[in-house]
Amino acid sequence: MLITELAQLCDATPRGGDTSISLQSAADIMSARPHQVTVLSDGKYKKYLKGCQASACFIAEALIDGDVPAGLTLLVCKDPEMSFLSAVKALHPEPVLDRQVSRQAAIADTAKLGSNVLIGPFASIGQHSIVGAGSTVDAGARIGNHVSIGTNCRIHPNAVIYDNTVLGDNVIIHSGSIIGADGFGYKYRDNQHVKVPHVGNVIIEDNVEIGANTCIDRGALGSTRIGWGSKIDNLVQLGHNNTVGKNVIVCGQCGISGSCEIGDGAILAGSVGVADHVKIGTRAVVMARSGVSQDIEPGSQVWGSPAKDRKMAWRELAALAKLPELMQKIKQFESRLSKLEE
Amino acid sequence: MLITELAQLCDATPRGGDTSISLQSAADIMSARPHQVTVLSDGKYKKYLKGCQASACFIAEALIDGDVPAGLTLLVCKDPEMSFLSAVKALHPEPVLDRQVSRQAAIADTAKLGSNVLIGPFASIGQHSIVGAGSTVDAGARIGNHVSIGTNCRIHPNAVIYDNTVLGDNVIIHSGSIIGADGFGYKYRDNQHVKVPHVGNVIIEDNVEIGANTCIDRGALGSTRIGWGSKIDNLVQLGHNNTVGKNVIVCGQCGISGSCEIGDGAILAGSVGVADHVKIGTRAVVMARSGVSQDIEPGSQVWGSPAKDRKMAWRELAALAKLPELMQKIKQFESRLSKLEE
Amino acid sequence: MLITELAQLCDATPRGGDTSISLQSAADIMSARPHQVTVLSDGKYKKYLKGCQASACFIAEALIDGDVPAGLTLLVCKDPEMSFLSAVKALHPEPVLDRQVSRQAAIADTAKLGSNVLIGPFASIGQHSIVGAGSTVDAGARIGNHVSIGTNCRIHPNAVIYDNTVLGDNVIIHSGSIIGADGFGYKYRDNQHVKVPHVGNVIIEDNVEIGANTCIDRGALGSTRIGWGSKIDNLVQLGHNNTVGKNVIVCGQCGISGSCEIGDGAILAGSVGVADHVKIGTRAVVMARSGVSQDIEPGSQVWGSPAKDRKMAWRELAALAKLPELMQKIKQFESRLSKLEE
């Protein structure tokens, strides 16, 4: 694709360089080579522009200054990140999949498949389940009974969806994720843990993406729910009866116990843990590796284990770093005091 | 099912309301609607009784006081949690599965299947393996060679059981769990990590339940063992040669390195880590996100990383919260001391 | 195998006992019985030698002292760990697998299989993928399109390898691991998280072993790379565009965000977290449960969250333990000061 063509496609204005060059792929600014397009959207990387070997670079007007290599066409635009994202898609188109139902799949006689679905080999779909139009259930994925999958979903290989799960449209579930397994609940009676039946389900709204090897447990009663547009990373544990709002971000290896409410737009960074029945307010940010045991105010930023206001936690941390030294000083005080008291 | 019928089934005595109402399902006290049964077992939720819209509610005599809605039948019983649990089972019966061996499964010629087993599509069972009567090996699950599975076990879809694993009776393994992979052991020689052969196995006793995407590694020599009635949650890592006692609770995302001994009835809350060769005493409780690097006394409660006595850890935490303020005070001391010394 | 034979095979010299005894298996020194061989390589276990019931024991000359049971043949050698490792292999040979392509596998017409491969039932191999000679793709494993697998690799059951992944020779991938899923990247625009296309791949060099249920995400652009001979344990999250060096050890449940560089020979103990864009120097050691947010010097040992020099972190920890007591002391100072000031 010529630079001029890409510029037009991605709402950018070419400046300088040779716009008749053909672009073949996209790369980051540090490793880009001729015939590649890159992006400069973060001031931190400005220093790499001078030596950039790409043929074209998306950039906002405000970031342009100083030397630009002669061979580099700047693609000036309002939102370089989004323009670059479009460029990546254009230069690296998704492979066209062969949209058919594999003869090596196992589809229950009462299951219903929409038009244009792709069912991979060794995928199995249980009784009374529905796969919406344009959705993919890839190789080895297991869809239980009475499952409803919306349109244009993609269930990657070897994912498992237990009975009664409901998925909206445009949902992506990566490989190895387990949606709807029983929650972890027992009552201890007569020297044994008696299993609490889990008769609820999992409901996942439209445009949710769930990473690889993540577990989302069904409700004991009622549903575990993931709201519209939320994104869950890999190896996350989401226990029974949690309610995750819209556009929530849950990073890798987070663990959310059960019956929690995560507000719209909240962000849980990597490896955050959340205790039972906790409410995390809208747009709150829980920083990496924090342990949340109490409700978090909307919009607040917390850190630590137990998590508290970020600034307060850091002040404590800074104080702790000075503590060994402080202890020396206090010993000296003691002797100075004793001397005065003599 | 009529309220009277359910009361009888669940060892409860109906009081008030209209006991001829038919119950359709179970729900928690906050969301229950007419024709649903609920439970009040925790004093914290007492305030919800007044406005409860359920048709029936299990409750212990001791918790009854104040207003009860006119339309609500109290189901008075000794153990509301267990009575409710029975009610949930009665109102939400498990689906009856079609107990047959799928023609799309791969069963080795030397494998032995007990009566009434269910083998799902694309399940595979290796040479010389045994599946006991009434057990289920669901879609896509892989049972290796020389594996022994007891009676009435349930192996959920896409779980993997490596060679030589032994499972007792009534064992549940959720989807994506990997039982018996090699432990993580190497010897560093001549600039490379040489793999330590893992020739042991995993032994899981009766009535154990293992969550989704959990990993239990085989012993290097000898066995990794999970004792009678223990319950392991999702995404847990249990390393080689660990011995987990009876009725142990291991919550989600815990990691137990290797060669540890976890005593009977111990509880490991979420995301706990345990170092190599550590012993955790019977009925000890390790609180969430703790890191255990030394032996834990039976019956003790520990927290923190490294884990220590819970109260001691909290005292330190409380002190740390006051440290920034304390540092201000100490600065003042210094000037007061200096003034006195002049 | 006779003791004499095993000694010769494993570069050891028999001393004492009855070397004509036949050995049947290997065990650790505490549990070994007659007709078993064991090893004593760590001085900590020396006390067990006296009561050892094994028929033979690998040992270095330097560790021999005091009583040796009459029935025990010492197998004196330079490197008891490696000699024992050879013995374990000899006494517990790996089962010979039936090296054939299952008729129940799904192999794309454009896929190429080398000689002597083993493809298990319900394994599927996508278009244009290559499986090198002597490699195993076990039951239910999914190999995407355009994947290249070297020689003598072993892909365990139900592992998933996404499109375009490249594996070197002698790579082991345990069950449930997901190689090459999309990284976790979004841009927030117009009230939604827009998915960043991930068009890179994963490259795994020779002699790498990856545990069970581990996730290694593909690069957004370019590759996520695991260097020669590195060993990754179970349930590890390795984000997009990380570069892991040679002979690196990553223990269970570690989480490495993205675009990090882990130097050759570095060791990450269990449950370590690493933030985006961090560099960990060659042969650095990050101790268990640490959270690394800044670059780590080569050869250094760090601990804590945020991770700092191990000794410094421990000093702080020791000081913290004394803090509650210190606070009492400071109260007394205050009254002593006030008295002096009167």
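Residue indices begin from 1 for each chain and proceed along its sequence in written order. Naming scheme: in the order in which they are written, chains are lettered from A and ligands are numbered from 1. Given that this is a predicted model, residues contribute local features only at a pLDDT of at least 70 and side-chain atom pairs are listed and counted only at 80 or more, while totals for whole chains, interfaces and linings are drawn from all residues. Side-chain metrics rest on all non-hydrogen atoms present in the structure, leaving aside hydrogens and water.

*Asks:* Explanation requested: the interface of chain A and chain C in the structure shown.
*Replies:* Where interface size is quoted, it is often the accessible area lost as the parts come together. Contact with chain A, which involves 54 residues of that partner, is made by 64 residues of chain C. Between chain A and chain C the total buried area reaches about 4600 Å² when both faces are included, carbon and sulfur atoms providing 65% of it. In short, buried area is how much 1.4 Å probe accessible area vanishes from two parts on joining, totalled over both. Of all residues in chain A, the largest losses of buried area upon contact with chain C belong to F122, R289 and L337 of chain A, amounting jointly to 13% of the total for that side. Each reported salt bridge corresponds to a side-chain nitrogen of Lys or Arg within 4 Å of a carboxyl oxygen of Asp or Glu. Counting across the chain A and chain C interface gives seven salt bridges. Close ionic contact of E209 of chain A with K195 of chain C constitutes a salt bridge, the shortest N to O distance being 2.7 Å. Pairing of N or O atoms within 3.5 Å defines a polar contact, subject to two protein rules: one partner must be a possible hydrogen donor and the other a possible acceptor, and residues neighboring in sequence count only if both atoms are side-chain atoms. At the boundary of chain A and chain C, one finds 23 residue pairs in polar contact (both at pLDDT 80 or more). Broken down by secondary-structure element, the contributors of at least two residues to the side of chain A that touches chain C are α2 (80-91), β25 (231-232), β28 (249-250) and α3 (310-341) of chain A. Top element by residues in the side of chain A that touches chain C is α3 of chain A. It accounts for 13 residues. Residue contacts are counted whenever heavy atoms from the two residues lie within 4.5 Å of one another. Numbering of helices and strands runs from the N terminus, with a helix taken as a DSSP run of H or I at least four residues long and a strand as a DSSP run of E at least two residues long.

*Asks:* So what exactly am I meant to see when it comes to the relation of the copies chain B and chain C here?
*Replies:* What relates the two chain copies is a rotation about an axis together with a slide along it. C-alpha atoms of residues with pLDDT of at least 70 in both copies form the basis for the least-squares superposition of the copies. Rotating chain B by 120° and moving it 0.0 Å along the rotation axis overlays it on chain C with an RMSD of 0.1 Å. Here the transformation between the copies is reduced to the relation of a three-fold axis.

*Asks:* What is the right way to look at the interface of chain B and chain C in this model?
*Replies:* On the chain C side, the residues contacting the 64 residues of chain B number 54 residues. Overall, the association of chain B and chain C removes approximately 4600 Å² of surface from exposure, summing both partners, and the carbon and sulfur fraction of that is 65%. Looking only at chain B, the three residues that lose the most surface to chain C are F184, H193 and L221 of chain B, adding up to 15% of its buried area. Between E341 of chain C and R336 of chain B there is a salt bridge, with its nearest N and O atoms 2.8 Å apart. Run the count over chain B and chain C and you get 24 residue pairs in polar contact (both at pLDDT 80 or more). Listing elements by their share of the side of chain B that touches chain C, those giving two or more residues are β18 (178-181), β19 (186-189), β20 (192-195), β23 (215-217) and α3 (310-341) of chain B. The dominant element in the side of chain B that touches chain C, judged by the number of residues it contributes, is α3 of chain B, at 13 residues. In terms of residue class, the side of chain B that touches chain C is made up of 31 nonpolar, 19 polar and 14 charged. For this classification, Asp, Glu, Lys and Arg are treated as charged, while Ala, Val, Leu, Ile, Met, Phe, Trp, Tyr, Cys and Pro are nonpolar and the rest, including Gly, are polar.

*Asks:* Even after reading the chapter, I still don't get the pairing of β20 of chain B, so can you show me in this structure?
*Replies:* Residues in a regular strand point their side chains to alternate faces of the sheet. Residues and elements named next belong to chain B. Pairing between β19 and β20: four bridges, direction antiparallel. From the neighbouring strand, Y188 faces β20, where its bridge partner is H193. The antiparallel hairpin formed by β19 and β20 contains two residues in its connecting segment, where D190 sits at a positive phi of about 50°. Criterion used throughout: strands pair if DSSP finds at least two bridges between them.

*Asks:* Help me understand the sheet that holds strand β5 (residues 73-76) of chain B in this model?
*Replies:* Across a sheet, paired strands are connected by hydrogen bonds in the backbone, their directions being either parallel or antiparallel. All names here are of chain B. A sheet is described by the order of its strands in space; here five strands give the open sequence β1-β5-β4-β3-β2, paired in mixed fashion. Where the open sheet ends on each side, the last strands, each with one partner, are β1 (13-15) and β2 (25-26). As defined by bridge partners, β1 adjoins β5 across three bridges and the pair is classed as antiparallel. Bridging across to β5, P14 finds its partner in L75.

*Asks:* Explain the confidence of the model for chain A to me, please; I cannot follow it from the model alone.
*Replies:* Fine structural detail should not be taken from predicted coordinates in areas where pLDDT scores are low. pLDDT is a residue-level measure of predictor confidence that goes from 0 to 100. Per-residue confidence for chain A gives a mean pLDDT of 96, with 100% of residues at or over 70. Interface confidence in the predicted complex, given as ipTM, is 0.96; pTM for the same model is 0.97.

*Asks:* Help me understand the environment of V236 of chain A in this model?
*Replies:* For V236 of chain A, the location among the structural elements is in the loop between β25 and β26 (237-238). The classification of residues rests on relative accessible area computed with a 1.4 Å probe and restricted to protein chains. Under 20% of the type maximum is buried, over 50% is exposed, and intermediate values are partly exposed. On the basis of relative accessibility, which here comes to 0%, the residue V236 of chain A falls in the buried class. Sequence separation between V236 of chain A and V250 of chain A is 14 residues; the distance between their C-alpha atoms is 7.8 Å. Not counting chain neighbours up to four residues away, the residues in contact with V236 of chain A comprise T214, C215, V250, C251, G252, Q253 and C254 of chain A together with L235 and Q253 of chain B.

*Asks:* Any chance you could explain the UniProt feature "active site" (unreviewed entry) in chain A here in plain terms?
*Replies:* All names here are of chain A. UniProt positions are given in the numbering used here, feature names are shortened, and annotations may be inferred rather than shown by experiment. Residues annotated in UniProt with the feature "active site" (unreviewed entry) correspond here to H240. Inspection of the secondary structure assignment puts H240 in the loop between β26 and β27 (243-244). For H240, the residues in contact, after removing those within four places along its chain, are G183, F184, H198, D217, R218, G219, A220, T224, S257, G258 and S259. Of the polar contacts made by the side chain of H240, one reaches the side chain of N241; its length is 3.2 Å.

*Asks:* Quick question: what am I supposed to make of the packing of α3 of chain B against helix α3 (residues 310-341) of chain C here?
*Replies:* Think of each axis as a best-fit line through the C-alpha atoms, taken over the contacting stretch in the case of a helix, with angles from 0 to 180 degrees between the N-to-C directions. Running from N to C, α3 of chain B and α3 of chain C cross one another at 30°; their axes reach a closest spacing of 9 Å. If you check the angle between α3 of chain B and α3 of chain C, you find them roughly parallel. For the element pair α3 of chain B and α3 of chain C, the recorded crossing hand is left-handed. For the contact of α3 of chain B with α3 of chain C, the class distribution of residues is 17 nonpolar, one polar and seven charged. The cut-offs work like this: below 35 degrees is roughly parallel, past 145 is roughly antiparallel, 65 to 115 is roughly perpendicular, and the gaps in between are oblique. Each crossing gets its hand from how the near helix is turned against the far one by less than a right angle, where anticlockwise is left-handed and clockwise is right-handed.

*Asks:* It is not clear to me how the pairing of strand β4 (residues 56-59) of chain C should be interpreted in this structure. Could you clarify?
*Replies:* All names here are of chain C. Side chains of β4 alternate between two faces, with A56 and F58 and C57 and I59 buried alike. Sheet topology note: the strand β3 (residues 36-40)/β4 ladder contains four bridges and is parallel. Across the sheet, the residue bridging to T38 is C57, located in β4.

*Asks:* I'm lost on unusual backbone geometry in this one. Help?
*Replies:* Glycine aside, residues mostly have negative phi angles, and peptide bonds mostly take the trans form. With an omega of 0°, the peptide bond running from S305 of chain B to P306 of chain B counts as cis. Turning to its location among the elements, P306 of chain B is positioned in the loop between β36 (301-304) and β37 (307-309). Within the chain, N170 of chain A stands out as a residue other than glycine whose phi angle is a positive 60°. Take N170 of chain A: it is sitting in the loop between β16 (166-167) and β17 (172-173). Overall, the relative accessible area of 35% leaves N170 of chain A in the partly exposed class. In this structure, N213 of chain A takes a positive phi of about 55° despite not being glycine. Residue placement: N213 of chain A occurs in the loop between β22 (209-210) and β23 (215-217). Judged by its relative accessible area of 1%, N213 of chain A falls in the buried class.

*Asks:* Could you clarify how one ought to interpret the packing of aromatic side chains in this entry?
*Replies:* Side-chain rings of Phe, Tyr and Trp, where Trp is taken by its six-membered ring, are said to pair if the distance between their centres is within 6.5 Å; with planes under 30 degrees apart they count as stacked, over 60 as edge-to-face, and otherwise as tilted. Evaluation of the coordinates by the stated rule reveals twelve aromatic pairs over all chains. Aromatic pair F184 of chain C and Y186 of chain C: ring centres 5.2 Å apart, planes at 85°, arrangement edge-to-face. Note on Y186 of chain C: relative accessible area 16%, which makes it buried. Taken together, the ring pairs in this structure connect F122 of chain A, F122 of chain B together with F122 of chain C into an aromatic cluster.

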